[in-house]
Amino acid sequence: ELNPGPDGRYLYALRATVDTPPTPVRLDLVTGAEPAPLDCPGTPVTVPGRLEEIEAAADDGQPVRSWLVLPRTASPENQAPLVLWVHGGPNSSWNTWSWRWNPWLMAARGYAVLLPDPALSTGYGQDYITRGHRDWGARPCADIMAVTDAALARPDVDADRVAMMGGSYGGYMANWMAGHTDRFKAIVSHAGLWTLDQMFGTTDHPMFWRPQFGDPLTEPEMYEKNSPHRHIDRIRTPMLVIHGNKDYRVPVGEALRLWWDLSRHDAEAKFLYFPDENHWILTPGNARIWYETVFAFLAQHVLGQEWQRPRLL
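Reference entry: report on the structure contained in this document. (Residues numbered from 1 in each chain as written. Predicted model: local features only at pLDDT ≥ 70, side-chain atom pairs only at ≥ 80, totals over all residues. Heavy atoms only, no water.)

1. Some words on the nonpolar core
Within the largest apolar cluster, 50 residues are counted, with the highest numbers of intra-cluster contacts made by Leu82, Met164, Met173 and Met177. The residues touching Met164, leaving out its near neighbours within four places in the chain, are Leu84, Val86, Gly170, Met173, Ala174, Met177, Phe184, Ala186, Ile187 and Val188. Ranked by size, the runner-up nonpolar core spans 32 residues in total, among them Val47, Trp67, Leu115 and Trp290. (Core = buried A, V, L, I, M, F, W, Y, C linked by side-chain atoms within 4.5 Å. Buried < 20%, exposed > 50% of the residue type's maximum accessible area, 1.4 Å probe, protein only. Contact = heavy atoms within 4.5 Å.)

2. Brief notes about a negative patch on the surface
On the surface, a cluster of negative charge is made up of Asp197, Asp215, Glu219, Glu221 and Glu224. Along the polypeptide, Glu224 turns up in helix H7 (residues 221-226). Under the relative-accessibility criterion, Glu224 is labelled partly exposed at 42%. (Patch = residues over 30% accessible without salt bridge, like charges linked within 9 Å, V, L, I, M, F, W, Y side chains within 5 Å. Areas by Shrake-Rupley, 256 points an atom, 1.4 Å probe, with all protein chains shown as cover. Salt bridge = Lys/Arg side-chain N within 4 Å of Asp/Glu carboxyl O. Lys, Arg positive; Asp, Glu negative; His and termini not counted. Charge placed at Lys NZ, Arg CZ, Asp CG, Glu CD. Helix = DSSP H or I, 4+ residues; strand = E, 2+ residues; numbered from the N terminus.)

3. Some thoughts on the sheet that holds strand S2 (residues 10-17)
With respect to topology, 4 strands assemble into an open sheet ordered S1-S2-S3-S4, the strand pairing being antiparallel. Each edge of the open sheet is held by one strand with a lone partner, namely strand S1 (3-4) and strand S4 (36-37). (Pairing = 2+ DSSP bridges.)

4. Considerations on empty space enclosed by the protein
Inspection of every chain in the model, using the stated rule, returns 1 cavity of 30 Å³ or more. Around the largest cavity, the lining residues are Val18, Trp94, Thr96, Trp97, Ser98, Trp101, Pro103 and Leu115. (1 Å grid on protein atoms, 1.4 Å probe; cavity = no way out; pocket = protein on both sides within 12 Å on 5 of 7 lines; lining within 4 Å. Points joined across faces, edges and corners; volume = space filled by probe spheres on them.)

5. Things to note about the pattern of salt bridges
Scanning all chains against the criterion turns up 18 salt bridges. The salt bridge partner of Asp117 is Arg65, with a shortest N-O separation of 3.7 Å. Of this pair, Asp117 sits in the loop between strand S8 (112-116) and helix H2 (126-130) while Arg65 is found in strand S6 (residues 63-71), placing the two residues 52 residues apart along the sequence. Here Asp117 matches Arg65 in class, with each residue buried.

6. Quick word on the pairing of strand S5 (residues 49-57)
Inspection of the sheet shows S5 paired to S6 by 9 bridges, in the antiparallel sense. Looking across to S6, one finds that Arg50 is bridged to Leu70. Here S5 folds back onto S6 in antiparallel fashion, the turn holding 5 residues, of which Gly61 has a positive phi close to 90°.

7. Re the side chain of His301
Mapping His301 onto the fold places it in helix H9 (residues 284-301). Setting aside anything within four residues of it in sequence, one finds His301 in contact with Lys185, Ala186, Pro238 and Glu268.

Here is the structure:
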């Protein structure tokens, strides 16, 4: 949101990072100095921890980088439980502040949060995206597990208390990982893709996926290869399924079928349903319910506490 000053010397903009919410800054076009923060109500925000970077080599040798959010209490003497949080997109990356997906709320509860950019992520060149083309499940999953292993090798992270969560494509990856590993104590799937031929036929954005996967009637191979629902019989990890009824990007039928399939296979699961929300959880009250339910689910399965139904539910 660049705006030139009337004298032509300065540009004004909003600057944000993973650990800094959007803040107005002034850029000096003459000196090229670092952006100077300007006074603004509500800033600066003090986050409850610190931010580091982790890089690991995937099985094909490709470097995979991620952010690691650490609570202030994390140390070798007080290891933090880890939450792996996979971004949506899939052509996106963890590159800015988010009020909607905010890892610092997790850090305030004592969790470390891993924010990886696997294959299909933007910001690393076209070849990095191409690595995951028509391979939405296995290739990004291998990248994610490589950097997760690197995070769990740290002395300030508890390798025995690990959860995974994600929304949209991150929810797809949550569903995929649930059927391919039992490394996690709990998995949270928000607005996740479950049955690809069903989803690609009901979404409001079929033109994005059809060129990549083809027509499921004449080219079913990619759908069968990449659809998480084909691995339902292998899911052993407790899952929290979350979805909004007015979600047209990933229609609610994905969650309804996922919930039914989990129930039919006697998998441990809970379902949080928002009748008035869409692909995002936008209203403040519902956002509080979302976080409180996720916290309660993680506390039960990661921290070993008894299930406590959130007061807001």
